[in-house]
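Here is how the chains run, residue by residue.
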Amino acid sequence: MADERGPEGLEEWHARVPRVADALRRGTRAVITTWGGAELAGLICDRDQSGLLVDVREPSEEGSGYLFIPWGSIQQVRVEEVAQRRVKYLPP
C-alpha cells in the first residue's frame, strides 16, 4: 500500500499517479463495464457531466460506431497505462 512507503515514498507515489482527467481524456483506450454486465472496449471521444462518448469500432470497420454511455450505467472503467500531461509549475 502507498501509506507503507514512508513520507518520501508517499510523496513520490502521489506525484506519479494519474488524474481522472488524464485517464478519461480523448483518445484513451478503455474497457467499460456496465451495471448490466456488458463490456465495451474502445477509444474515449468525449466526456461531460452526463457520461462518456466512446468509439467502439474496430480499426478495419467503417460506418458509425459511437456509443454514449451515461455515468449511471457505468460500473467500472479500465484504462491502459495513462500518459500524464506535463505540467509546468511557475514560480510564485
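This write-up is about the structure you can find in this document. (Residues numbered from 1 in each chain as written. Predicted model: local features only at pLDDT ≥ 70, side-chain atom pairs only at ≥ 80, totals over all residues. Heavy atoms only, no water.)

As for the side chain of Thr-34
Item 1. Here Thr-34 lies in strand β1 (residues 29-34).
Item 2. On the accessibility criterion, Thr-34 (12% relative accessible area) is buried.
Item 3. Those residues in contact with Thr-34 that lie beyond four places of it in its chain are Leu-40, Ser-73, Ile-74 and Gln-75. (Helix = DSSP H or I, 4+ residues; strand = E, 2+ residues; numbered from the N terminus. Buried < 20%, exposed > 50% of the residue type's maximum accessible area, 1.4 Å probe, protein only. Contact = heavy atoms within 4.5 Å.)

Describing the pairing of β1
Residues in a regular strand project their side chains so that they alternate between the two faces of the sheet.
Item 1. As paired elements, β1 and strand β2 (residues 39-48) share 5 bridges and run antiparallel to each other. Paired with Arg-29 across the two strands is Leu-43, which belongs to β2.
Item 2. What sits between the antiparallel neighbours β1 and β2 is a turn of 4 residues, in which Gly-37 has the positive phi angle 100 degrees.
Item 3. Across 5 bridges, the pairing between β1 and strand β5 (residues 74-79) is antiparallel. Looking at β5, one finds that Ile-32 is bridged to Val-77. (Pairing = 2+ DSSP bridges.)

Considerations on the nonpolar core
Item 1. Counting 8 residues, the largest nonpolar core consists of Leu-24, Ala-30, Ile-32, Ile-44, Leu-52, Val-54, Ile-69 and Ile-74.
Item 2. Going through the elements one at a time, β1 and β3 (51-55) are the ones with two or more residues in this core.
Item 3. Not counting residues up to four positions away in its chain, the partners in contact with Ile-44 are Ala-23, Leu-24, Arg-25, Arg-26, Gly-27, Thr-28, Ala-30, Leu-52 and Leu-53. (Core = buried A, V, L, I, M, F, W, Y, C linked by side-chain atoms within 4.5 Å.)

Some points on the environment of Gln-76
Item 1. Relative to the helices and strands, Gln-76 resides in strand β5.
Item 2. In this structure the C-alpha to C-alpha distance between Gln-76 and Ile-32, which are 44 residues apart in sequence, comes to 5.8 Å.
Item 3. The contacts of Gln-76, once residues within four sequence positions are left out, are Val-31, Ile-32 and Thr-33.

Topic: a nonpolar patch on the surface
Item 1. Taken together, the side chains of Leu-53, Tyr-66 and Phe-68 make up a nonpolar region of the molecular surface, amounting to roughly 290 Å² of accessible area.
Item 2. Structurally, Leu-53 is set in strand β3.
Item 3. Under the relative-accessibility criterion, Leu-53 is labelled partly exposed at 31%. (Patch = residues over 30% accessible without salt bridge, like charges linked within 9 Å, V, L, I, M, F, W, Y side chains within 5 Å. Areas by Shrake-Rupley, 256 points an atom, 1.4 Å probe, with all protein chains shown as cover. Salt bridge = Lys/Arg side-chain N within 4 Å of Asp/Glu carboxyl O.)

Brief notes about the pairing of β3
Item 1. Along β3, 4 of the 5 residues are buried, which leaves the element largely enclosed by surrounding structure.
Item 2. Note: β2 against β3, 5 bridges, orientation antiparallel. Within β3, the residue paired with Asp-48 across the bridge is Gly-51.
Item 3. Counted along the chain from β2 to the antiparallel partner β3, the turn is 2 residues long.
Item 4. For β3 and strand β4 (residues 66-70), the ladder comprises 5 bridges, and the chain directions are antiparallel.

By themselves these figures say nothing about function.
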